[in-house]
Amino acid sequence: MSASDRLGAQAEPSIEGVTRPRQQDAPLLSARGLKLAFGGVKAADGIDLDVMPGEFLAIIGPNGAGKTTFINMTTGYLRPQAGSIEYDGQPILGLSPRVLVGKGIGRSFQLPQLFTEHTVLENAALAIAARAGLWSPLVPLLRPQWRAEAMALLDRFGLAPLAEVRADALNEGARKLADIAMAVALQPRLILMDEPTSGVAAAEKMSVVETLVRVLRDAKVTAVFVEHDMEVVERFADRVAVWSQGRIAALGPPETVLKDPAVLRDVIGIEPAHSHA
Amino acid sequence: MSGSANSLSRPAGAAPARSLGEGLPALLGIAALVLVAWAVPWLKFVLTIALAKGIAVLGILLLLRAGQVSFGHAMFLATGAYTVAFVAPFQTEALLLLPLAALLATLLGLAVGLFVVRYRDIFFGMLNLALSMVLYSLLEKLYEYTKGTDGIRVSVLTFAGLRPERETQEWLMFGLALLLAVLFGLLVRAYLASPMGRALAGIKTRETRLEFMGVSARRVLLFAYVLSALMGGTAGALVAMTSRHVTPQLAYWTSSGELVFIAILGGAGSALGPFLGAAAFELVRVYAAAAVADAWQMILGAVLLLVILFAPGGIWGMLAGRLRRSA
Ligand SMILES: Nc1ncnc2c1ncn2[C@@H]1O[C@H](COP(=O)(O)OP(=O)(O)OP(=O)(O)O)[C@@H](O)[C@H]1O
Ligand SMILES: [Mg+2]
């Protein structure tokens, strides 16, 4: 683990050569010493991580390393057995997902959680209505204002043509995007995405991620995302955290971390290139 | 629509019902009811009871949308009915008794609801059943107040201060039940199209997502539950005023089962389903009981079996499908 990388990350050029603003502010999310074991399995074994405002942080690591567990802990779905989490300078440990959503922490799921009996449009509109807190039992969900807002949201994700399709009829890639769209509809400041591109057809993957990144940047959302595709990580992450057996094995900008021989061997499963002098 | 997976928990008629207008079938249904009530006077009573039960079944429909089945909703019906029976000696005005009965059932619904919405599926169903049986035993055992299984006769009522003769009174009750059925039908329709109503299906499929949208799934279900209690109480008041006699049988678990039966028979896809189901149920009961006194339950059972096997969208689902095809 190269601790020096953390500072180095903050002035790295980002996608499309645009230099992202320096992030000297206080971290938006700050986890310290998170521990959680399921029986004998240490899904979190002392996680320390700061997420800076505006950054895109990728989490990589083998199956069962505890990536989803980290998201579950920071969104209030699981309570760590030890440690602390601060969001925006406030301790948030023990708060429910519902409360944390209200504070601006959104998430998408490894297995998309859509309302399968409803159309994509209704799914989006429900999220918009939820944010508005306007749960009037008499006003139609698809009233013009929310329908328009939901359509605009779907349009940003390239999902508009699927608006009238029932969610359970979508393919995996569209389901993932719709799942993220619902999280974005709530206008979070921080979004945690669990494998946003798994299930997206290889040919579409880059364009899907580009769309996603554009939407999130436009909305000024800080993002943490679990990702298995190293090309995606390399192109879109400001920093990458390598998870291994409930611990962070490496943290830094992708240029450095993804060249680390130990990471290549243990996480990506490639023997370090011997051609290199 | 994905395939034709027939599942009870899913309102299979939902999609066709939405694309098909419900207004015309509703108007035709109302016209048919009035016509039958006028042509066959003794059926007026049967149809009034059917309308009342349809209102209670609307509440079952709401819970079905959330994938929950209450086997105890007769407790709200009984609450409404006994409220009328208890208060009628002191206050004979039907137009006051009715809202009072609805209010008490709503309050009971809120108290019970706060407890049962923490549970799902079989636990939800059984808790409702258990609580309704507590009410049943109270009604049966507190003889001093309830006259036990003999029940209570409801004293003669006044309508807006008047005491109409019998025939007029029957028409008044029929009209009142019809009016309330239409109002509650419209209310439920609007509710099911609202975010609150649309979120009910989220309880069945994705409760986690609801929570991650900042929405309390329990509150979503509680609202539906309280509304269903309100409608149950209204139905009970109508039943008591129409039949002029209340017994603990109203709260018995078979009465709750009957409401679920009617909901499935009529179809959960539309607010019209409960009324189609209730009318079919009461008519089959009356005619089957007259034709084959001992076997009418068997006939009803067979009807339900056929519906589940061949028309999971219920009578409404069948009608909607047919209308759509001929359109
Ligand atoms: N709720 C739970 N109950 C029991 N064990 C759990 C639970 N959640 C996670 N685990 C275990 O904790 C470990 C970490 O799981 P987690 O889902 O966080 O891994 P992951 O890194 O997201 O893996 P993947 O890449 O497969 O999604 C695994 O061994 C998993 O079986
Ligand atoms: Mg995972």
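The text that follows walks through the structure, step by step, so that each part is easy to find. (Residues numbered from 1 in each chain as written. Chains lettered and ligands numbered in written order. Predicted model: local features only at pLDDT ≥ 70, side-chain atom pairs only at ≥ 80, totals over all residues. Heavy atoms only, no water.)

A few words now on the sheet that holds strand β9 (residues 239-244) of chain A. Each strand in a sheet pairs with another by means of backbone hydrogen bonds, the pair being arranged parallel or else antiparallel. Residues and elements named next belong to chain A. Strand order in the open sheet formed by six strands is β6-β7-β8-β3-β9-β10, and the pairing between neighbours is mixed. Taken across any chain shown, the strands that pair with only one partner, and hence form the sheet edges, are β6 (105-108) and β10 (247-252). This sheet shows a mean twist of 20° between the axes of neighbouring strands, independent of strand direction. Relative to strand β8 (residues 222-226), strand β7 (residues 190-194) is paired through five bridges, and the arrangement is parallel. Following the sheet pairing, L192 is matched in β8 by V224. (Pairing = 2+ DSSP bridges. Helix = DSSP H or I, 4+ residues; strand = E, 2+ residues; numbered from the N terminus. Axes fitted to C-alpha atoms, helices over the stretch in contact; angles between N-to-C directions.)

Looking now at the site of ligand 1. Residues and elements named next belong to chain A. The environment of ligand 1 is made up of 14 residues, and the closest members are G64, K67, T68, T69 and Q110. T68 is positioned with one of its side-chain polar atoms (N or O) 2.7 Å from an oxygen atom of ligand 1. Contact distances for ligand 1 include 2.8 Å between an oxygen atom and a side-chain N or O atom of Q110. If ligand 1 stood free it would expose 630 Å²; the protein chains cover 62% of that surface. Those elements that place two or more of their residues in the shell around ligand 1 are β2 (41-51) and α2 (67-74). Among the elements that make up the shell around ligand 1, the one with the highest residue count is α2 (three residues). (Near = heavy atom within 4 Å. Polar contact = N/O pair within 3.5 Å; in protein donor to acceptor, adjacent residues only side chain to side chain. Areas by Shrake-Rupley, 256 points an atom, 1.4 Å probe, with all protein chains shown as cover.)

Residues and elements named next belong to chain A. Donor atoms from the polypeptide that coordinate the magnesium ion (ligand 2) comprise T68 (OG1) and Q110 (OE1), at 1.9 to 2.2 Å from the metal. In this pair, T68 is assigned in helix α2 and Q110 in the loop between β6 and α4 (120-132), connecting sequence segments 42 residues apart. A relative accessible area of 24% places T68 in the partly exposed class. Taking the relative accessible area as the measure of exposure, Q110 reaches 33% and is therefore partly exposed. (Donors = N, O, S within 2.8 Å, 3.2 Å for Na, K, Ca; no water. Buried < 20%, exposed > 50% of the residue type's maximum accessible area, 1.4 Å probe, protein only.)

What follows is about the interface of chain B and chain A. Taken together, the contact pairs 31 residues of chain B with 34 residues of chain A. Both sides of the chain B and chain A interface together cover about 2800 Å² of buried area, and 64% of this is carbon and sulfur. Of all residues in chain B, R209, F212 and M213 of chain B give up the largest surface area on contact with chain A, accounting jointly for 29% of the area buried on that side. Counting every contact that joins chain B to chain A gives four salt bridges. Our count for the chain B to chain A interface comes out at eight residue pairs in polar contact (both at pLDDT 80 or more). (Contact = heavy atoms within 4.5 Å. Buried area = accessible area lost by both parts, 1.4 Å probe. Salt bridge = Lys/Arg side-chain N within 4 Å of Asp/Glu carboxyl O.)

Residue and element names in this part refer to chain B. Here helix α5 (residues 94-116) is 23 residues long and its end C-alpha atoms lie 32 Å apart, about the 33 Å a rise of 1.5 Å per residue gives. Three or more residues of α5 are buried, namely A94, L97, L98, A101, A102, A105, T106, G109, V112, G113 and V116. Tucked inside the fold, the buried residues of α5 contact α4 (74-87), α6 (121-141), α8 (166-193) and α11 (217-243). Here α5 starts with a cap whose side-chain oxygen sits 3.1 Å from the backbone nitrogen of L95, and that cap is E93. (Expected span 1.5 Å × (residues − 1).)

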